[in-house]
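Chain by chain, the residues:
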Amino acid sequence: MKKEDTKFAVLGDIHGNIEALEAVLDDAAERNVNAYVCVGDIVGYNADPSACLEKIRAMDCIVVRGNHDHYCSHDESLDDFHPLAANVIDWTRHQLSDDQIEYLRNLKLSRMVSGFTLVHSTLDMPKKWGYVFDSLEAEANFNYQTTSVCFHGHTHVPVIYEKKGHVTRHEAQNITIALGKKYFINVGSVGQPRDGDPRASYVTYNLRTKEIEFCRVRYDIATTQAKIRKAGLPERLATRLEQGR
Ligand code: ZN
């Protein structure tokens, strides 16, 4: 396969939701995706961190480290975390094998792949895990972005920041990458969307046509919720899935 014939699926914030991940992979196969990358947070929040990790590792998928991947694989204080997230990080640590923890620990904070960049939060300070919610916050990232396209996640809200001179924020929509512009694209979340749409979110990127497509996929939310309850994880983690919040 020639490099330009590559059609990537860009996945992020899977967060231990195997039902959503499998639905997304089926959808991507139907769209003739032939390569996979991930902007991080494979684990955390939902009840199948280990299964999600194994699935991603078996796929030859380039992955960058998210904050949950980081805290689940480093013995660092969780004081800065929302108690809801801290509780699950502690639970998740106990679900992972030493080998899986080692894998997460060794993930890089940013990666360049086929002329585009991957990062979980922002390129200016990737280890600060800052959230980008507006054009001003995106501006700092662009100062460090050397490729025309950079994909990220972290907020669980799909959105496009486009820079030509100044930075403009666009709702998630299918676009074709234009010369002379830079794009900082949030792919949304596979496993815990927070834009009010409970369907799993990811994007495809066709290297030949330069088209970026935002995809939403229905999955079996009830099964994911049942597993969260069975594991004794906080009820809020189950209810938020059907609300997409
Ligand atoms: Zn996340």
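Residues numbered from 1 in each chain as written. Predicted model: local features only at pLDDT ≥ 70, side-chain atom pairs only at ≥ 80, totals over all residues. Heavy atoms only, no water.

Q: I tried to follow the nonpolar core on my own but got confused; where do I start?
A: As a rule of thumb, soluble globular proteins bury nonpolar side chains together. Leu11, Leu21, Ile42 and Ile56 are the most contacted members of the largest nonpolar core, which totals 50 residues. Every residue in contact with Leu11, bar those within four places of it in the chain, is listed here: Leu21, Val24, Leu25, Tyr36, Val37, Cys38, Val39, Ile56, Val187, Val190 and Tyr202. In terms of nonpolar packing, the next biggest core, distinct from the first, is built from 22 residues, Phe8, Val10, Val37 and Val64 among them. (Core = buried A, V, L, I, M, F, W, Y, C linked by side-chain atoms within 4.5 Å. Buried < 20%, exposed > 50% of the residue type's maximum accessible area, 1.4 Å probe, protein only. Contact = heavy atoms within 4.5 Å.)

Q: What is the right way to read the coordination of the zinc ion from this model?
A: The coordination sphere of the zinc ion contains the protein donors Asp13 (OD), His15 (NE2), Asp41 (OD) and His156 (NE2), at a distance range of 2.0 to 2.6 Å. All donors of the zinc ion belong to a single chain; written as a sequence motif, their spacing is D-x1-H-x25-D-x114-H. Linking Asp41 in the loop between β2 (35-38) and α2 (49-57) with His156 in the loop between β6 (149-152) and β7 (159-164), this pair joins segments that are 115 residues apart in sequence. For the pair Asp41 and His156, a shared accessibility class is recorded, and that class is buried. (Donors = N, O, S within 2.8 Å, 3.2 Å for Na, K, Ca; no water. Helix = DSSP H or I, 4+ residues; strand = E, 2+ residues; numbered from the N terminus.)

Q: Teacher, can you tell me more about the pattern of salt bridges here?
A: Two side chains with opposite charge may pair up if their charged atoms get near one another. Summed over the entire model, instances satisfying the criterion amount to 17 salt bridges. A salt bridge links Asp195 to Arg216, with the shortest nitrogen-to-oxygen separation between them at 2.7 Å. Here Arg216 lies in strand β12 (residues 211-217) and Asp195 lies in the loop between β10 (182-186) and β11 (200-206), a separation of 21 residues in the sequence. Using a relative accessible area of 27% as the deciding quantity, one classes Asp195 as partly exposed. When the shortest N-O distance is used, the salt bridge between Arg229 and Glu235 registers 2.8 Å. When its relative accessible area of 41% is taken as the criterion, Glu235 is described as partly exposed. (Salt bridge = Lys/Arg side-chain N within 4 Å of Asp/Glu carboxyl O.)

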